[in-house]
Amino acid sequence: MEDERDSSAPASGRQEATHPPSPNGALKEIKHSRLPNVPHLPHPQRLPFLRTVIGRSPQGAGEGLSPEAALHARRNFRFGVLNGIMFTLVEALIAPSLVLAYFISGLGASNVLVGLLPALLSGGWFLPQILVASRVQGLPRVMHWYRRVGIIRTFCLALLTISTIALASTPDLLLVVFFFFFTIYAFSAGVTGIPWLEMVGKVIPPRRRGTFFGLRSFWGGLLALTVAGPIGAILSEDLWDLTYPYNFAFLFGLTTLTVGLGVWAWSSIREPAATSTAPATSVRDLLKRGASALRQDRDYRSFMVARILISLATIADPFYVVYAKSSLGAPASTIGLYLGALAAASLLSNFFWGPLADRASNRTLMTFTVIAFASVPLAALVLSMLKEV
């Protein structure tokens, strides 16, 4: 609490001089009479930036929320940030475009299967939402959707860990089992997408959502940067002499624990009942409404085209590490270097994306996002041309 004092106290209680004071008397009068009337300015908050970084800023803690949600706003905010930290770490432990691409290429996967990884992630995220939206709409609470499917995701990774150890001597079968569990994992994430976003809208104040996502990415990126070196050592078989594919089984095991902790963190959020719900609808009606929105809303149509193109652009991501491995002879430890670079970029970019999300328009945010995505394949193209020269 700030030490607030009244800076406008009347001076009528002060003893006024009735004759010219002596120098010593003047000094005493200044010391005992003038100084107490200097306005007491409120003390500034200590380390305001650090308070914001750790998510403890009191400003807007429950602004824009229902009374039930405002009661648990701080608790929900912190558990939500912890959830983001864990899943940001998951993306470093089994980065599909780096770690998983290297893993399946070692199993003899074709370029088609390598390119299928980002397609499974994108399709697994978006396609189930069409079915889930009709079921979730109209429900006052949706936590049970997230919690149950989160358990399925955790078990998929646990079974993948066991299968990698048990089928190490049969890479063809292990490749099939990997895609089976990874497909379930990816589509399960899509099932939780709408319930998760629905809860974000109910428990995170509108004016703190930019900070919310920024904190998730900041601390998650910092943790990912910390583990990038050990991941590189594990994949290069320099740590504990874990050879392929047992080193990947170890990473899958760590990922299982991390996903379990992330699911627990979000499940610990106290979800309030929705203040207003729309009536339940069918998948057919949702598709009609979506088609109508594409025809009539130019901004929505532009947004959807941008999202589709960005998703298509990610198809090239896993081939960067395959190219580095097959054509450039890069060792497995290079993956740790790539992960560290990605984590550092994500960490530093939060000082840009977080404030921009709070202050700028959505159009500006999307424009910068598209430019950032386009810079990656452009840089790879330029570097490959310079190599040939």
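Since this is a predicted model, take the numbers as computed values, not measurements.

A. Structural view of the overall build of the protein. Of regular secondary structure, the protein possesses 15 helices and 0 strands. Looking at the protein as a whole, 37% of its 389 residues qualify as buried. The contacts in the protein between residues at least 6 apart in sequence include a share of 81% that link residues at least 24 apart. Looking at the protein as shown, the accessible area adds up to about 22,300 Å², and 65% of this sits on carbon and sulfur atoms.

B. Region of the structure containing the environment of Leu242. Relative to the assigned elements, Leu242 resides in the loop between α9 (209-235) and α10 (246-267). Beyond its immediate chain neighbours, meaning those up to four positions away, Leu242 contacts Ile234, Glu237, Asn247 and Phe250.

C. Seen up close, the nonpolar core. Of all hydrophobic cores here, the largest spans 68 residues; its most connected members are Ile104, Phe178 and Trp266. It is helix α8 (residues 171-203) that provides the largest number of residues to this core, a total of 13 residues. What Ile104 contacts, discounting residues up to four positions off in sequence, is Ala109, Leu113, Val114, Leu117, Leu175, Phe178 and Phe179.

D. Structural view of helix α13 (residues 317-326). Those residues of α13 lying buried are Pro318, Val321, Val322 and Ala324. Each buried residue of α13 lies within a common arc of 160° when the element is viewed along its axis, so the set occupies one face.

E. The packing of aromatic side chains, seen in detail. Counted according to the given criterion, the structure contains 15 aromatic pairs. Each ring, one from Phe218 and one from Trp219, has its centre 5.0 Å from the other, and the planes form 90°; the classification is edge-to-face. With a relative accessible area of 16%, Phe218 lands in the buried category. Both rings, one in Tyr244 and one in Phe248, keep their centres 5.5 Å apart while their planes meet at 80°; by these two values the pair is edge-to-face. A relative accessible area of 0% places Phe248 in the buried class. Each residue in the set Phe103, Phe178, Phe179, Phe182, Tyr244, Phe248 and Phe252 is aromatic and connected to the rest through ring pairs, giving one cluster. Sitting over the face of the ring of Phe77, Arg208 holds its NZ or CZ atom 4.1 Å from the ring centroid.

So, how was this worked out
Residues numbered from 1 in each chain as written. Predicted model: local features only at pLDDT ≥ 70, side-chain atom pairs only at ≥ 80, totals over all residues. Heavy atoms only, no water. Helix = DSSP H or I, 4+ residues; strand = E, 2+ residues; numbered from the N terminus. Buried < 20%, exposed > 50% of the residue type's maximum accessible area, 1.4 Å probe, protein only. Contact = heavy atoms within 4.5 Å. Areas by Shrake-Rupley, 256 points an atom, 1.4 Å probe, with all protein chains shown as cover. Core = buried A, V, L, I, M, F, W, Y, C linked by side-chain atoms within 4.5 Å. Arc of directions from axis to C-beta. Phe/Tyr/Trp six-rings, centres within 6.5 Å; stacked < 30°, edge-to-face > 60°. Lys NZ or Arg CZ within 6 Å of the ring centre and 35° of its normal.

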